[in-house]
Amino acid sequence: MARVVLKNVWKRFQGTEAVKNVSLTCENKEFLVLVGPSGCGKSTTLRLIAGLEELSEGEISIDGKIVNDVSPKDRDIAMVFQNYALYPHMTVYENMAFGLKLKKLPKDEIKKRVLEAADVLSIRELLERRPKALAGGQRQRVAVGRAIVRKPKVFLFDEPLSNLDAKLRVQMRAEIGKLHTRLQATMIYVTHDQIEAMTMGDRIVVMRDGNIHQIADPLTLYDQPSNKFVAGFIGSPAMNFMDGTIIKKKDALYFSEENFVIKVHDDHTAALGDLVGKNLLMGIRPENIYDKVYAPNASPDSTITATVEVVEPMGSEAYLYLTTGKSPFIARVDSYEQLEVNQDIDLVLDMSKAHYFDKATEQTIV
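Predicted, not measured: the structure shown is a model, and the values here were computed from it.

S.K.: Just give me the short version of the environment of Glu287, but keep the residues and values in it.
M.R.: Mapped onto the elements, Glu287 comes out in the loop between strand E14 (279-284) and strand E15 (289-291). Sequence-wise, Glu287 and Tyr222 are 65 residues apart; in three dimensions their C-alpha atoms are separated by 12 Å. Ignoring any residue separated from it by four or fewer positions in sequence, one finds Glu287 in contact with Tyr222 and Arg332.

What follows is the structure in structure tokens.
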């Protein structure tokens, strides 16, 4: 397997910059996920690695070899597409064997590889069927199998699960994760689904408008986002953001919003001490907001009152859509709480988990 390195990669389409000065490394045997909203450049980056798009500037190397001018078929990569890209007139066996036949491998070797991949993916009983006779998840398994039989240096996945229903997506996420462990392969995976990224990737590359905003492991992205965009994109429900000002009272710092004042945690005072009077954004995740019923001893300095606008039951938990008058936000609570629309509720914010962002640059302060 191989290491993939991108250095200062650019891609322009008729003057539009789709990928802007991207540099990243996917280590040998790593599962690297590119994630971001539609149009952020993640699929274009993957296609540049595959050789399906031509570089405007920069350098791409696979296994130590610069591949800028190497054709896709000679890069020793295998790509799995969103729409499966199976040949409708061929059986599953013929689809999986097709690339190996083009390489003129012996029939016995082709059969051996196809059957091995079919067993790994539990599709041996489908080998004589044609794609139209398969369900979506089965077609995706065949597309993955076609990649496996080639034994490439690098696997590339371009939103392979986006056409599947929710339950099947969860199942296939686990299957691809197990496949990575089994094959010990270098894999680069593109998705717009941040839950997919968080559950699958060894490291995640967060992209927006052709730029990389942060590269880190899932927990680091979640706990230490580099800016407001990463903080809001990673996590479901998304992080809440509140517009306010840092003020000082009796040698303590507080975050003051139009309708509430709440004490800054001691761990954050050093970083915010020089920002008294400055307008900034505070972020806090829904799971770090609690009904005061469950924290009766919480300090009044960490408590606010909000109005319930919507209750969204999710089974074992519920999402509360709340407002303080100015800032709408979401809290994740126990679904068995008897809460009603327009009810006022006292909430405790775990300010040790708060994030602060510069309002102008949106970069993380603490």
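After presenting the structure, the write-up continues.
S.K.: Can you explain the nonpolar core? Please cite residues and give values.
M.R.: Membership of the largest hydrophobic core comes to 47 residues, with the highest contact counts inside it found for Met96, Phe155, Phe157, Tyr189 and Val206. Core analysis: the second largest hydrophobic core is formed by 29 residues, Met242, Ile246, Leu275 and Ala331 among them.

S.K.: I'd like a rundown of the sheet that holds strand E19 (residues 344-349), residues and numbers included.
M.R.: A sheet is described by the order of its strands in space; here five strands give the open sequence E15-E19-E16-E17-E18, paired in antiparallel fashion. A single partner strand is all that each edge strand has here, and the edge strands are E15 and strand E18 (328-334). Strand after strand, the sheet turns through a mean of 50° between neighbouring axes, direction not considered. Relative to E19, strand E16 (residues 303-313) runs antiparallel, the two being bridged by five bridges. What sits directly across from Thr303, in E19, is Val348.

S.K.: How would you summarise the sheet that holds strand E11 (residues 240-249) if you had to cite specific residues and measurements?
M.R.: For sheets, the rule is that strands pair by backbone hydrogen bonds, running either parallel or antiparallel. Pairing within the open sheet is antiparallel, and its five strands lie in the order E13-E12-E11-E14-E20. Edge positions in the open sheet fall to strand E13 (260-263) and strand E20 (355-358), since each of these has one partner strand only. Sheet twist, expressed as the mean angle between neighbouring strand axes with direction ignored, is 40°. Of the pairings in the sheet, the one linking E14 to E20 comprises four bridges and is antiparallel in character. Counterpart to Gly283 in the pairing with E20 is His355.

S.K.: Can you lay out unusual backbone geometry for me, pointing to particular residues and giving the numbers?
M.R.: Only a minority of non-glycine residues have a phi that is not negative, and only a minority of peptide bonds are not trans. The omega torsion across Ser236 and Pro237 is -5°, close enough to zero to call that bond cis. Unlike most non-glycine residues, Glu362 shows phi in positive territory, near 65°. Here Glu362 is to be found in the segment after E20.

S.K.: I'd love a proper account of the pattern of salt bridges, names of residues and values included.
M.R.: Applying the stated criterion to the full structure yields 18 salt bridges. The partner of Glu159 in a salt bridge is Lys42, with the nearest N and O atoms 4.0 Å apart. Of this pair, Glu159 sits in the loop between strand E7 (154-158) and helix H5 (166-183) while Lys42 sits in helix H1 (residues 42-50); the two residues are 117 residues apart in sequence, bridging distant segments of the chain. Residue Glu159 shares its accessibility class with Lys42, and that shared class is buried.

S.K.: I'd like a rundown of the pairing of E7, residues and numbers included.
M.R.: Here E7 lies mainly inside the structure; five of its five residues are buried. By the alternation rule, side chains of E7 split into Val154, Leu156 and Asp158 and Phe155 and Phe157, which are all buried. Taken together, the four bridges between strand E6 (residues 77-80) and E7 define a ladder with parallel strand orientation. Residue Met79 lies in a different strand from E7, and its bridge partner there is Leu156.

Thresholds, definitions, all that
- Residues numbered from 1 in each chain as written.
- Predicted model: local features only at pLDDT ≥ 70, side-chain atom pairs only at ≥ 80, totals over all residues.
- Heavy atoms only, no water.
- Helix = DSSP H or I, 4+ residues; strand = E, 2+ residues; numbered from the N terminus.
- Contact = heavy atoms within 4.5 Å.
- Core = buried A, V, L, I, M, F, W, Y, C linked by side-chain atoms within 4.5 Å.
- Buried < 20%, exposed > 50% of the residue type's maximum accessible area, 1.4 Å probe, protein only.
- Pairing = 2+ DSSP bridges.
- Axes fitted to C-alpha atoms, helices over the stretch in contact; angles between N-to-C directions.
- Salt bridge = Lys/Arg side-chain N within 4 Å of Asp/Glu carboxyl O.

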